[in-house]
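The primary structure of each chain is shown beneath.
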Amino acid sequence: MKKLIQQLTEEFGPSGYEAPVRDLIKSLIVRHVDEVRVDAMGNLIARKKAVPQNGIASRRIMLAAHMDEIGVMISYIDDKAFLRFTPIGGVFPSTLLGSRVVFTDGSVGVIGREKPDHPDELPSISKMFIDVGAKDREHLTRKVGDPATFTRPFVDIGERLVAKAFDDRIGCAILIQSILNNTVSPHEVYYVFTVQEEVGLRGAVTSAYGVEPDVAIAVDITLTGDTPEAQPMAVALGAGPAIKVKDRGMLAHPAVKDWLVDTAKRLGIPYQLEVLEMGTTDAMAIQTSRAGVAAGVISIATRYAHTPSEMIDFADVQGAVSLIDGLLGAGLPF
Amino acid sequence: MQSKELLKSLSEANGISGYEASVRDLVRAGFMQYAEEFVTDTMGNAIAIKRGQRDAAYPQRSIMLAGHMDEIGLLVTKLEKGFLRFTTVGGFDLRVLLGQEVIVHGRQELPGIIGSRAPHVLSAEDRERIVPLDHLFVDVGLTEDELAQQVQVGDVVTLRRQFTELSGDLVSGKAFDDRAAVACIAEALKQLSKMKHSWDVYAVATVQEETGLKGAMTSAFGLTPDIGIAIDVGHGDMPGVSEADTVKVGGGPALGFGPNIHPLMYARLVQTAKADEIAYQIDPIPGASGTDAWAMQVARAGIPTALISIPLRYMHTTVETLAIKDIERIGRLLARFISSLDETFAEELGLSIPGQIP
């Protein structure tokens, strides 16, 4: 599964420009599902038919993970071929210095900064620029509107993994692994790889409307409280997949939360409960789709989220896959 | 049941956003004395349906009444050395959290208090400021090990406060925002049971209003009413606040107008109040009302919506205060309004004929 995770995190896909990620995922799953389609927004929607089981009510379950990652877009080019840029999603200016960005064609740029007024001044995006090494404007192939993402190789450091875009390629990897595990499910399962989560859950809004699920689970990352002087939070790397109770945007449906907890207990999968005081996931948008959807979230504890060096624990990922397989394989308690 | 008794039982029930189940049982009992059908939808909205008696020549029309049954509260974020750290669900007034009695809904219900450091040991600067959330904790009296047996991250904490009758007609308690609206709707159904009405009534006690109007958004989509009225609380008069920014407690329903409110709905409410000599106040709302009306108005292809506010003091504290007669007046106004609804009004609003694309 680490190979799969590496492939996914190293792929290019800022919000609105997810095609390379979508093509990769499609190629990995197409032979293992009953139907794959791409909707108008670009969401990749894969369906597995229900295998009816006596005594189990079949439900339509939507699993969602977002394909997009944060990035930047060129907003202005000056006479000397330096590129000014604007963020796509929640980019922290302080993590940009020294970063490299990559464009759709694979070409790389480095991020530089105007001379600060004070040596310890925090950088602001308006005072930074991308340098692609062009001698002058004549030699520049970039143009205003070009999107870019951060580039940083995947690193396997044993129990823990480091990469860019674990948010939310790790969710994509978990869904793909669940498809490949080929769990027989009495439920009709829609695996939805959404677009534009980082700019307002926009792929989830439309895909949930289109799929009309009874129950939905988003798989995404969450923050941790296990680093020095962190904001107090009872989530840690390696303590198992996190089952969300609340974040800034939603309260998980209590019945879904209990279903996740009880399934984890039944299968002996370590888990942790999550109350996140900032941020939200696709589940927020799915929950209020049409007349309402019972929605919950499985989260992967992630340190240094929204930086090019996010860190996760591989056992948490494996736990999340087992949990999803367990959920899909049995009847729902509600 | 009288409005006061219903409000007392609703207010003393515990149900923060997302966890409204125990309130829903009371709502059901309150509404179903006067309605025929009851549905709980996926989000947990409590929906009672009172069918109208219509002439077969006219299309079936419906009105949705929405009052939210969730209350603001707290959620455990961390267990720390025998104490509980927490976050707020909905916008609790941080100025009044210290010193509150609470109930921690763990493995069983545990009484607790919210504590912080004593003023004696604070710096002059800290004494002056509002105690920030990360300086507050819940103490239930258990040791670290005992607490871990009883409580886990994500457990709900509700504020504990008995309903109090003040002098005059005023009452005080927690969660009047917006259970007082549930009492208004129950009163409306009661009065309506003695009247004729042709439109169906969807009486909805919505969930999760305090966390983003979510119950109203989904129930309005599910029910597809022709028109809707949200009932919520409005800031009441008190010393030091301009009359322009408040409505008078005991002064009658505050009828909202502005972009969130359909002008013909507002006009008809005013006309109904005048005709039936119900005291009312006008309540200009220049933008987002922050109520269920805001979500209902843009459900599906759009729903003509009105907003009636119950004048209330000390919003988002445990001593919210209102006048019982305002609840009765709103119930009467709603009943009269509903009983007056006819196809002429539907045409004035430009409502489509059900089953036809406009």
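Positions within a chain are numbered from 1, following the residues in the order the chain's sequence is written. Whichever chain is written first becomes A and whichever ligand is written first becomes 1, with later ones labelled in order. Side-chain atom pairs in this predicted model are given and counted only at pLDDT of 80 or more, local residue features only at pLDDT of at least 70, and totals for whole chains, interfaces and linings cover all residues.

Undergrad: What is the right way to look at the sheet that holds strand β17 (residues 310–313) of chain A in this model?
TA: Strand pairing in a sheet is mediated by backbone hydrogen bonds. Such pairs are either parallel or antiparallel. Residues and elements named next belong to chain A. As summarised here, the arrangement of the three strands in space is β10-β11-β17, forming an open sheet in which the pairing is antiparallel. Only two strands of the sheet have a single neighbouring strand rather than two, namely β10 (155–157) and β17. Here the strands of the sheet are splayed against their neighbours by 20 degrees on average, with no regard to which way each runs. Judged from the four bridges that link them, strand β11 (residues 160–163) and β17 form a sheet pairing that is antiparallel. Strands are labelled as partners when DSSP assigns at least two bridges between them. Numbering goes from the N terminus for both helices and strands, where a helix is a DSSP run of H or I of at least four residues and a strand is a run of E of at least two. Axis angles are defined between N-to-C directions and span 0 to 180 degrees, where every axis is a line fitted to C-alpha atoms and, for a helix, only to the segment in contact.

Undergrad: How should I be thinking about the interface of chain B and chain A in this particular structure?
TA: Residues are treated as contacting if the C-beta atoms built from their backbones sit within 7 Å of each other. Chain B puts 23 residues into the contact, and the matching count from chain A is 17 residues. Looking at the side of chain B that touches chain A, the elements with two or more residues in it are β4 (73–80), β5 (83–89) and α6 (214–223) of chain B. No other element matches α6(B), which puts five residues into the side of chain B that touches chain A. Split by residue class, the side of chain B that touches chain A holds seven nonpolar, eleven polar and five charged. Any residue outside Ala, Val, Leu, Ile, Met, Phe, Trp, Tyr, Cys, Pro, Asp, Glu, Lys and Arg is labelled polar, Gly included; the first ten of those are nonpolar and the last four are charged.

Undergrad: Mind showing me how you'd approach the domain arrangement of chain A here?
TA: Bring the parts together and some accessible area is lost; that lost area is often taken as the interface size. All names here are of chain A. As used throughout, domain bounds are those supplied by an automatic or database domain assignment. The domain architecture assigned to chain A consists of domain 1 (2–68 + 164–329) and domain 2 (71–150). Computed over C-alpha atoms only, the centres of domain 1 and domain 2 are separated by 31 Å. Every contact between the two is made by ten residues of domain 1 and, on the other side, twelve residues of domain 2. Residues belonging to the side of domain 1 that touches domain 2 are distributed by class as follows: five nonpolar, three polar and two charged.

Undergrad: In this structure, what is going on with the packing of helix α3 (residues 166–181) of chain A against helix α7 (residues 314–329) of chain A? I would like to understand it.
TA: Each pair of packed helices gets described by two things: the angle between the helix axes and the distance between those axes. Residues and elements named next belong to chain A. Packing of α3 against α7 brings their axes to within 9 Å, and their N-to-C directions diverge by 50 degrees. In terms of axis orientation, α3 runs oblique to α7. Between α3 and α7 the crossing geometry is right-handed. For the pair α3 and α7, the contacting residues are I170, I174, Q177, S178 and N181 in the first and V317, A320, V321, I324 and D325 in the second. Angles below 35 degrees are treated as roughly parallel, those above 145 as roughly antiparallel, those between 65 and 115 as roughly perpendicular, and all remaining angles as oblique. Definitions for this section: a left-handed crossing has its near helix turned counterclockwise from the far helix by less than a right angle. A right-handed crossing has that turn clockwise.

Undergrad: Sorry, what's going on with the confidence of the model for chain B here?
TA: On average, residues of chain B score 95 in pLDDT, and 99% of them are at 70 or above. Here the predicted complex scores 0.95 on pTM and 0.93 on ipTM. Confidence scores labelled pLDDT are given residue by residue by the predictor and lie between 0 and 100.

Undergrad: Help me understand the sheet that holds strand β1 (residues 35–38) of chain A, please; the structure alone is not making it clear to me.
TA: Residues and elements named next belong to chain A. With respect to topology, eight strands assemble into an open sheet ordered β1-β2-β12-β3-β13-β16-β14-β15, the strand pairing being mixed. Each having just a single partner strand, β1 and β15 (272–275) make up the two edges of the open sheet. The sheet shows a mean angle of 25 degrees between the axes of neighbouring strands, direction not considered. Taken together, the four bridges between β1 and strand β2 (residues 44–48) define a ladder with antiparallel strand orientation. Bridging from a neighbouring strand, E35 pairs with R47 of β2. Sitting on the sheet, α3 is in contact with β2, β3 (60–66), β12 (188–194), β13 (215–222) and β16 (294–301), with an inclination near 135 degrees to β13. Each of β13, β14 (242–246) and β16 touches helix α5 (residues 254–267); the most contacted strand, β16, lies at about 45 degrees to it.

Undergrad: Looking at this structure, I do not really get the packing of helix α1 (residues 3–12) of chain B against helix α5 (residues 176–192) of chain B. What am I missing?
TA: All names here are of chain B. Between α1 and α5, the least distance of the axes is 9 Å, while the angle of their chain directions is 145 degrees. At the point where α1 passes α5, the crossing takes the right-handed sense. Between α1, through S3, L6, L7, L10 and S11, and α5, the contact on the second element is made entirely by F176, R179, A180, V182, A183, A186 and E187.

Undergrad: Help me out: how do you make sense of unusual backbone geometry in this one?
TA: Most of the time, phi is negative for any residue but glycine, and the peptide bond is trans. Here the residue pair D167(A) and D168(A) is connected by a cis peptide bond, since its omega of 5 degrees sits within 30 degrees of zero. Tracing the backbone shows D168(A) in helix α3. A cis amide bond links D177(B) to the next residue, D178(B), at an omega of 15 degrees. Backbone geometry at E212(A) places phi at a positive 55 degrees, although glycine is not the residue there. Position of E212(A) relative to the elements: it lies in the loop between α4 (202–211) and β13. Remark: C-beta atoms are placed from the backbone, and a residue is labelled buried if 20 or more other C-beta atoms sit within 10 Å of its own, exposed if 12 or fewer do, or partly exposed between those counts. By the C-beta count within 10 Å, which is 13 here, E212(A) ends up partly exposed.

Undergrad: Help me out: how do you make sense of the domain arrangement of chain B in this one?
TA: All names here are of chain B. Parsing chain B into structural domains produces domain 1 (3–71 + 174–349) and domain 2 (73–159). Here the C-alpha centroids of domain 1 and domain 2 sit 33 Å apart. In this assembly, eleven residues from domain 1 lie in contact with twelve residues from domain 2. Across the side of domain 1 that touches domain 2, the residue classes break down as two nonpolar, six polar and three charged.

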